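Listed here are the chains, written in short residue letters.
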Amino acid sequence: MNNDEKLAPSIRLMRRIRIALWAAVAVALLMLGMLSTGINPLRDLSLDKLPFAATFGGPFQLTDKNGARFQSSTLDGKPYAVFFGFTNCPDICPTTLLDASNHLRDLGAQADRLNIVFISVDPERDTPEHLRAYLASFDPRIIGLTGTAKEIADVARAFRIVYEKVPTSGGYTINHSASMLLIDSKGQFSGTVSFQEPQPTQLEKLKRHSQK
């Protein structure tokens with residue numbers, strides 16, 4: 001049993017509430033930014049007009065699950081979905097990775113037009129070796145990445161990901177943004193997939209995304 005599984009139910013509830021609140025704050029800041037640039041988020045949701053559309057993401061270097069350096073340019077020219085999490089996560093991360101594995105299977109040949117990327121926000125524990133062992137339970141096409149604390153922080157900031165290390169009685173856990181981000185073949189943000197969405201909805205989003 002890992003440290004996170006030893007948390008009392010009330011602490012788990014507080015963690016989930018905190019994640020929800022962080023997500024709400026992120027949405028509020030996004031809408032405020034849109035209004036400040038003259039965009040009405042309730043009237044005009046064209047993604048190419050979002051304030052951050054041109055600067056979302058960007059080049060990065062991390063280390064893959066085999067210990068090799070990974071250049072983000074490897075992803076160029078092909079749409080991908082990226083999810084930030086950690087291997088000691090008790091629920092959201094394994095659920096999302098299992099869903100992604102099932103979707104890759106259900107996409108059939110169309111899955112070859114899409115990359116799925118998992119980036120750890122826990123470089124202290126998620127070494128390449130540990131990440132490789134963890135991802136062995138999921139579709140082998142999922143790209144697993146880790147890196148130094150600074151490298152992870154820089155990539156998370158570029159993708160507007162929020163995460164925080166939270167002490168527990170047995171060590172620590174990590175609260176983090178929980179949605180899968182969709183990046184098109186031009187490197188532009190094009191939407192999200194949430195683990196809370198129905199499976200058919202998730203699959204349909206990935207089908208459409210694989211054509212962008």
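Sequence order as written defines the numbering, with residues in each chain counted from 1. Where totals are concerned, whole chains, interfaces and linings use all residues; where local detail is concerned, this predicted model gives features only for residues with pLDDT of at least 70, and gives and counts side-chain atom pairs only at 80 or more. Each side-chain value is worked out from all heavy atoms of the structure, with water and hydrogens disregarded.

So what about the packing of helix α2 (residues 92–107) against helix α5 (residues 199–209)? Which residues, and what values?
Each axis is a line fitted through C-alpha atoms, and for a helix only the stretch in contact is used; angles between axes span 0 to 180 degrees, taken between their N-to-C directions. Strands are runs of DSSP state E lasting at least 2 residues, helices are runs of H or I lasting at least 4, and numbering of each runs from the N terminus. The interhelical angle for the contact between α2 and α5, taken along N-to-C directions, is 60°, at an axis separation of 10 Å. By the angle between their directions, the pair α2 and α5 is classed as oblique. Remark: the crossing between α2 and α5 carries right-handed chirality. Facing Asp99, His103, Asp106 and Leu107 of α2, the residues of α5 in contact are Gln199, Gln202, Leu203, Leu206 and Lys207. Working definition: roughly parallel below 35 degrees, roughly antiparallel above 145 degrees, roughly perpendicular at 65 to 115 degrees, and oblique for all remaining angles. Take the far helix as your reference; a near helix turned counterclockwise from it by less than a right angle gives a left-handed crossing, and one turned clockwise gives a right-handed crossing. Residue contacts follow a heavy-atom distance rule, with two residues in contact if any of their heavy atoms lie within 4.5 Å.

Lay out helix α3 (residues 128–135) in plain terms, naming residues and giving numbers.
Of the positions making up α3, those classed as buried are Pro128, Leu131, Tyr134 and Leu135. Within α3, the buried residues cover an arc of 125° as seen down the axis, which keeps them to one side. In α3, the exposed positions angled more than 90 degrees off the buried face are occupied by Glu129 and Ala133. Packing partners of the buried residues in α3 comprise β1 (61–64), α2, β4 (115–120) and β5 (143–146). For every residue, the accessible area (1.4 Å probe, protein chains only) is compared with the maximum for its type, and the residue is labelled buried under 20%, exposed over 50%, or partly exposed between those bounds. The arc in question is the one traced by the directions running from the helix axis out to the C-beta atoms.

Any details on the pairing of β1? Residues and values, ideally.
Only strands joined by at least two bridges in the DSSP assignment are considered to pair. Pairing geometry for β1 and strand β2 (residues 69–71), over three bridges, is antiparallel. Residue pairing in the sheet places Leu62 in a bridge with Phe70 of β2. Between the antiparallel neighbours β1 and β2 lie four residues, among them Gly67 with a positive phi of about 90°. As judged from the two bridges shared by β1 and β5, these two strands associate in the antiparallel manner. Along β5, the bridge assignment pairs Thr63 with Thr146.

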